[in-house]
Amino acid sequence: MKISTLFILTFILLGTFSSIPVNAQTPIAEAVRRADEPPSWPNCDPLVPDCTKSRMADFIAANLQIPLEAKAENAGGLVMMEFVVEKNGSVGEVKAVHDPGLGLGEEATRVINLMKTKKIKWEPAIIDGKRVAYRYTVPVSFNLNMPPKPEANTQITTPKNDNTVYDVVEEMPRYTGCTKPVEGTDECTFSKVVSFIKTNLKYPEEALTKKVDGQVVATFVIDTNGAVINPVITQGLGYGCDAEVLRILSLMPAWIPGRQDGQAVKVSMTLPVMFQLPKEKVVEEEIIKEED
């Protein structure tokens, strides 16, 4: 039987349009950071955030692999990931907001994206009784490739005046209040640092006027007494944002110092700080423009 060219073209077009996804992803910048009820891992109570944090940490640990490039450099680090929990509970856009390199960011992104592959459905965030898209932040630690400890009969002593600054140690520095060097310490430190920044950060007036937003990355050292020393901006925005991050670092309380071979040592840390323009400020400026 002869089939017309028009019929074939129509069939192809129908097949093409039928494959277009119905639900578009929410851009990560448009998802909310706070909600009456935050999103929660399946079967976790949204009012018990430790359940979600624990299940998320278990998922990451079960799937995380150390990249070959990082293995070759014997390097670890902390990747800070953000992803969207959509209104229907699915995982949307995924983004690394801090990536130390050596393939760590790519691997962390792969693991977070596995939630899509495994079709893990979260309980969505709630505001005023309505489901909303939520911007979830989670640290992914690669401190799993520590060099092997010396044999029990091998004695290694570190001079007390050792000025070596480490990137990764057996016990990483912990923010005040994160008292136990156990699994999940990185998450406790991350959570408390984020809370400290939210409480103390002031958006520079110059950056507001010029509508500047983005990320500032700073490095600093936690010394053997836990003090925050040697802050340096490694990725800046200008317009007062860099100076504001340095001001925040100067306000930080003493940390619990990192330890190697049982002794307190200096450890280098990296801190990304996001400057995001308040939505109400942007809307207000747009209204003023329309009135003019």
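The rules we used
- Residues numbered from 1 in each chain as written.
- Predicted model: local features only at pLDDT ≥ 70, side-chain atom pairs only at ≥ 80, totals over all residues.
- Heavy atoms only, no water.
- Buried < 20%, exposed > 50% of the residue type's maximum accessible area, 1.4 Å probe, protein only.
- Helix = DSSP H or I, 4+ residues; strand = E, 2+ residues; numbered from the N terminus.
- Pairing = 2+ DSSP bridges.
- Expected span 1.5 Å × (residues − 1).
- Arc of directions from axis to C-beta.
- Contact = heavy atoms within 4.5 Å.
- Polar contact = N/O pair within 3.5 Å; in protein donor to acceptor, adjacent residues only side chain to side chain.

Engineer: Account for the pairing of strand 7 (residues 214-222), with residues named and values stated.
Structural biologist: Counting buried residues along strand 7, 8 of its 9 residues qualify, which places the element largely inside the surrounding structure. Sheet topology places strand 7 next to strand 10 (residues 263-275); 9 bridges connect them, and they run antiparallel. By the bridge assignment for strand 10, Ile222 is matched with Val267. Examined bridge by bridge, strand 7 and strand 8 (residues 228-235) share 5 bridges and lie antiparallel to one another.

Engineer: Explain helix 2 (residues 49-63) to me, and be specific about the residues and the numbers.
Structural biologist: The end-to-end C-alpha separation of helix 2 is 22 Å, in line with the 21 Å expected for 15 residues at 1.5 Å each. Among all positions of helix 2, only Thr52, Met56, Phe59, Ile60 and Asn63 are buried. Each buried residue of helix 2 lies within a common arc of 95 degrees when the element is viewed along its axis, so the set occupies one face. Summarising the geometry of helix 2, the exposed residues directed more than 90 degrees from the buried face are Asp50 and Ala62. Where the residues of helix 2 are buried, they touch strand 1 (78-85), helix 4 (104-117) and strand 5 (134-141).

Engineer: So what's going on with the side chain of Glu107? Residues and values would help.
Structural biologist: Tracing the backbone through its elements, the reader meets Glu107 in helix 4. In terms of polar contacts, Glu107 uses its side chain to reach the side chain of Arg110, at 2.7 Å. Not counting residues up to four positions away in its chain, the partners in contact with Glu107 are Asn63, Leu64, Gln65, Pro67 and Phe142.

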